[in-house]
Amino acid sequence: MNNFKALMASSDQPESLGFALRNRRFQVFEDLINKNFPEEKTIHILDVGGTAYFWEDKNMVLEGRVKVTLLNLEEEYNLPFGIDSISGDATDLSQFEDNEFDLVFSNSVIEHLYTWKNQKKMAKECMRVGKKFFIQTPNKHFLVEAHYALPLIQYAPKKLAFMVLTKTKISRMRKWKEKDAQQYLDEIRLINEKEMAKLFPGANIYKEKWLGMTKSFTSHNL
């Protein structure tokens, strides 16, 4: 029962599976950073779609090990030391030079780009502007769809999914607003393992496991 509650809870909640796996993933990321970059080097990271909330309590930021530039649809303000923010488009990073960043990081963003074409654009841009990359996305075929916390809803027709989200409270114990439900159903295009390999040719793929099932993929070249 505890496993079920953890699975269904929002990843922002400390008791959730998503929160635990995200922390474990960050530990993997931190270990890879330490193996790939000299200890004395300040690592410049572009976080595509990231927020200050994710980074502000991380030791690597607090200790000055990394400097993070957040790129999101809207700029954030009043940020802690070591974190900057700009507005931008994940599919067009033309404001940056080739290899401008030591590393490009992204967490659960690439599946929100509506189309395969846009996902390919983001992947190409991340590999262009970063010497290294670490890009995560939920697994399309995991038992529970990550955004709605509902089993197998990713395979349902969108009209049925819309009705479930807006007419019942079985997704995260609330009815979704029609505008929000439609926005998510339009923008989310989940990615499978083969597609992840096509987006990032030759990359390593770190698989997050839960009860033997792969919950998410992270492509990286660290």
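Scroll up to find the structure.
This section reports on the structure supplied with the text. Keep in mind that what you see is a predicted model, and the values were worked out from it rather than measured.

### What about the overall build of the protein?
Turning to step 1, where the next piece is worked out: Broken down by element type, the protein carries 8 helices and 9 strands.
Turning to step 2, where the next piece is worked out: Whereas a compact globule of 222 residues would reach a radius of gyration of roughly 17 Å, the protein reaches 18 Å, a difference of no more than 12%.
Turning to step 3, where the next piece is worked out: In terms of its C-alpha atoms, the protein occupies a principal-axis envelope of roughly 55 × 40 × 35 Å.
Turning to step 4, where the next piece is worked out: For the protein, with 222 residues in total, the buried portion stands at 47%.
Turning to step 5, where the next piece is worked out: Sequence separation of 24 or more characterises 60% of the internal contacts of the protein that already satisfy a separation of 6 or more.
Turning to step 6, where the next piece is worked out: Entry remark: accessible area of the protein is about 12,000 Å², with carbon and sulfur atoms responsible for 51%.

### Points about the pattern of salt bridges
Opposite charge on two side chains allows them to pair when their charged atoms are near.
Turning to step 1, where the next piece is worked out: In this structure the tally under the stated criterion is 8 salt bridges.
Turning to step 2, where the next piece is worked out: Across the pair E208 and R25 runs a salt bridge whose closest N-O atoms are separated by 2.4 Å. In this pair, E208 is assigned in strand β8 (residues 204–210) and R25 in helix α2 (residues 17–36), connecting sequence segments 183 residues apart.
Turning to step 3, where the next piece is worked out: A salt bridge links E193 to K207; the nearest nitrogen and oxygen atoms lie 3.0 Å apart. Residue E193 is found in helix α8 (residues 193–199), and its partner K207 is found in strand β8; the two are separated by 14 residues along the sequence.
Turning to step 4, where the next piece is worked out: One network of salt bridges, in which partners are shared, links K41, D102 and K131.

### Let's talk about the nonpolar core
Grouped burial of nonpolar side chains is what soluble globular proteins tend to show.
Turning to step 1, where the next piece is worked out: Residues L46, V48, I110, M122 and F200 are the most contacted members of the largest nonpolar core, which totals 22 residues.
Turning to step 2, where the next piece is worked out: Broken down by secondary-structure element, the contributors of at least two residues to this core are β1 (43–48), β4 (101–107), α5 (116–129), β5 (130–138) and α8.
Turning to step 3, where the next piece is worked out: Ranked by residue count, the leading element in this core is α5, at 4 residues.
Turning to step 4, where the next piece is worked out: Leaving out residues up to four positions away in the same chain, M122 has contacts with V48, A90, T91, S106, V109, I110 and L113.

### Let's talk about a nonpolar patch on the surface
Turning to step 1, where the next piece is worked out: On the surface, L143, L152 and Y155 cluster together to form a nonpolar patch covering roughly 280 Å² of accessible area.
Turning to step 2, where the next piece is worked out: Residue position: L143 is located in the loop between β5 and β6 (144–145).

### Let's talk about the packing of helix α6 (residues 158–167) against helix α7 (residues 178–187)
Turning to step 1, where the next piece is worked out: Put simply, α6 and α7 touch, their axes get as near as 10 Å, and they point 145° apart. Here α6 and α7 pass one another in a crossing that is right-handed. Listed contacts from α7 to K158, A161, F162, L165, T166 and K167 of α6 are E178, A181, Q182, L185 and D186.
Turning to step 2, where the next piece is worked out: Partitioning the contact of α6 with α7 into residue classes produces 5 nonpolar, 2 polar and 4 charged.

### Examining the sheet that holds β4
Two strands in a sheet stick together by hydrogen bonds in their backbones, pointing the same way (parallel) or opposite ways (antiparallel).
Turning to step 1, where the next piece is worked out: What the 7 strands build is an open sheet, ordered β3-β2-β1-β4-β5-β9-β8; its pairing is mixed. The open sheet has two edge strands, β3 (83–87) and β8, and neither has a second partner. Across the sheet, the mean angle from the axis of one strand to that of its neighbour is 20°, orientation sign disregarded.
Turning to step 2, where the next piece is worked out: As paired elements, β5 and strand β9 (residues 213–220) share 5 bridges and run antiparallel to each other. Note on β9: the bridge partner recorded for P138 is S216.

What counts as what
Each chain carries its own residue numbering, running from 1 in the direction its sequence is written. Given that this is a predicted model, residues contribute local features only at a pLDDT of at least 70 and side-chain atom pairs are listed and counted only at 80 or more, while totals for whole chains, interfaces and linings are drawn from all residues. Side-chain numbers come from the whole structure's heavy atoms, not from hydrogens or water. The numbering of helices and of strands both runs from the N terminus, where a helix is a DSSP run of H or I of at least 4 residues and a strand a run of E of at least 2. For a compact globule the rule gives 2.2 Å times the number of residues to the power 0.38, and the radius of gyration it is set against comes from C-alpha atoms. Accessibility here uses a 1.4 Å probe with only protein chains present; expressed as a share of the type maximum, an area under 20% marks a residue as buried, one over 50% as exposed, and anything in between as partly exposed. Whether two residues touch is decided by their heavy atoms; if any such pair falls within 4.5 Å, the residues are in contact. Under the convention used here, a 1.4 Å probe and the Shrake-Rupley method define accessible areas, while residue burial counts only the protein chains that appear. Salt-bridge detection follows one rule: a side-chain nitrogen of Lys or Arg within 4 Å of a carboxyl oxygen of Asp or Glu. As used here, the term nonpolar core means buried Ala, Val, Leu, Ile, Met, Phe, Trp, Tyr and Cys residues forming a set that is joined through side-chain atoms within 4.5 Å. Like-charged residues within 9 Å of one another, or nonpolar side chains (Val, Leu, Ile, Met, Phe, Trp, Tyr) within 5 Å, are grouped into patches, provided each residue has over 30% relative accessible area and no salt bridge. Orientation is described by lines fitted to C-alpha atoms, with helices fitted over the stretch in contact, and by angles between N-to-C directions that extend from 0 to 180 degrees. Here a crossing is taken to be left-handed if its near helix is turned anticlockwise relative to the far helix by less than a right angle, and right-handed if that turn runs clockwise. For this scheme, ten residues count as nonpolar: Ala, Val, Leu, Ile, Met, Phe, Trp, Tyr, Cys and Pro. Four count as charged, namely Asp, Glu, Lys and Arg, and the remainder, Gly too, count as polar. Two strands are said to pair when DSSP picks up at least two bridges between them.

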